[in-house]
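What follows is each chain in one-letter form.
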Amino acid sequence: MQITPQIADMVEETPVFELTTEGLCRSILARHQDTICVRKTAIAVPRLKRILESALDLSNRGGFQAMSLRDLSRASGMSTGGLYAYFDSKTTLRKMSLQEVTDLVQRVLGKPPAAIAADPVAHLRWLIDTHLHLTEALLPWFTFAFMEAKNFPPAERRIAVDSEALTERLFAEVIERGVMSGVFRTDTSPMLPALIKPLLQEWYVKRPKYRRRGISLVSYSATVQDFVLNACLKDTVSGRE
């Protein structure tokens, strides 16, 4: 997976390497250094990358529950013993993957450039565009998290729920600030932040539909931005509040 120029520009304070599978692997190794047996980064990173890319591919094609460690061993080209050097069970592997992508979303969306954060309209557009480009850069990770959510055990399900709640809260805070500053209408629906998330998920869950229609990520992002802003931005022509 390659980083796009757009996402690099929008999250300039976040190291570009974090927005790749290799970057997430480095973060996983640092987070789980007490349990991962392989210590040499030069060896651990490419092997963990192979494991995770294989696991995500198998999961997104046939489901995580259906994937066996034998399947993962064959797909990654590593022995079962080699897999256990990184995780002790499928449950641990799933939690590691989900936690990493969840934390990345929080780190990226929580750090808008100062000039953008000062303007509610620009901030709202930035949140939408950045989230969409982030899911494009790490498509298999987000597809996995969405498709497998219903099968997560309680602990992992809570991570997914909390992540969605955080994203919704970021939108809610920007919209509230826009209302308070007089930029957004006072009658803006309190449901709007909750309705934005499905529009973002639509891009990576039903991506083939938009590819068939020739709709690009840039076009989709602009449409979602306009749709959301039409639901809250003051109408300067009609004077609608």
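Everything numeric in this text was worked out from a predicted model, so none of it was measured.

K.L.:
Quick question: what am I supposed to make of the domain arrangement of the chain here?
P.N.:
Often, the extent of an interface is quoted as the loss of accessible area upon association of its parts. Split into domains, the chain comes out as domain 1 (7–11 + 96–230) and domain 2 (21–90). The centre of domain 1, based on its C-alpha atoms, is set 27 Å off from the matching centre of domain 2. Listed as interface residues are 13 residues of domain 1 and, on the opposing side, 16 residues of domain 2. When the two sides are added together, the surface that domain 1 and domain 2 hide from each other amounts to roughly 1,400 Å², 67% of it contributed by carbon and sulfur. Of the charged contacts in the structure, one is a salt bridge between Arg-31 and Asp-103, with a shortest N-O distance of 2.7 Å. On the surface where domain 1 and domain 2 come into contact, there are 7 residue pairs in polar contact (both at pLDDT 80 or more). Elements represented by at least two residues in the side of domain 1 that touches domain 2 include exactly helix H6 (90–109) and helix H9 (139–148). Looking at the side of domain 1 that touches domain 2 residue by residue, the classes come out as 6 nonpolar, 4 polar and 3 charged.

K.L.:
Explain a nonpolar patch on the surface here, please?
P.N.:
A contiguous nonpolar patch, built from Phe-146, Met-147 and Val-205 and spanning about 220 Å² of accessible area, is present on the exposed surface. Along the chain, the position of Met-147 falls in helix H9.

K.L.:
What exactly am I supposed to notice about H9 here?
P.N.:
The periodicity of an α-helix, 3.6 residues per turn, causes residues three or four places apart in sequence to face the same way. Of all 10 residues in H9, 7 are buried; the element is thus mostly enclosed. Along H9, the positions that sit buried rather than exposed are Leu-139, Trp-141, Phe-142, Thr-143, Phe-144, Ala-145 and Glu-148. Along its buried surface, H9 packs onto helix H2 (21–31), helix H3 (41–62), H6, helix H8 (120–137), helix H11 (192–205) and helix H12 (207–212).

So, how was this worked out
The residue count restarts for each chain, going from 1 along the sequence in the order it is written. Selection of residues for local features in this predicted model requires a pLDDT of at least 70, selection of side-chain atom pairs for listing and counting requires 80 or more, and totals for whole chains, interfaces and linings are taken over all residues. Think of the side-chain values as coming from all heavy atoms in the structure, minus any hydrogens and water. Domain delimitation in this document rests on an assignment produced automatically or drawn from a domain database. Whether two residues are in contact is decided by their heavy atoms: any pair within 4.5 Å suffices. Summed over both partners, the accessible area lost on bringing two parts together, with a 1.4 Å probe, is the buried area. Salt bridge, as used here, is a side-chain nitrogen of Lys or Arg placed within 4 Å of a carboxyl oxygen of Asp or Glu. Any pair of nitrogen or oxygen atoms within 3.5 Å is treated as a polar contact; in protein, a donor-acceptor pairing is required on top of that, and neighbouring residues in sequence qualify only through side-chain atoms on both sides. Per the convention used, a helix needs a DSSP run of H or I reaching at least four residues, while a strand needs a run of E reaching at least two, with both numbered from the N terminus. Each residue gets one of three labels, nonpolar for Ala, Val, Leu, Ile, Met, Phe, Trp, Tyr, Cys and Pro, charged for Asp, Glu, Lys and Arg, and polar for the others, Gly among them. For patch detection, residues must exceed 30% relative accessible area and be free of salt bridges, and they are connected within 9 Å for like charges or within 5 Å for nonpolar side chains (Val, Leu, Ile, Met, Phe, Trp, Tyr). Computed by Shrake-Rupley with a 1.4 Å probe, the accessible areas treat only the displayed protein chains as cover when residues are assessed. Residue burial is assigned from relative accessible area. The probe radius is 1.4 Å, only protein chains are included, and a residue is buried under 20% of its type maximum, exposed over 50%, and partly exposed in between.

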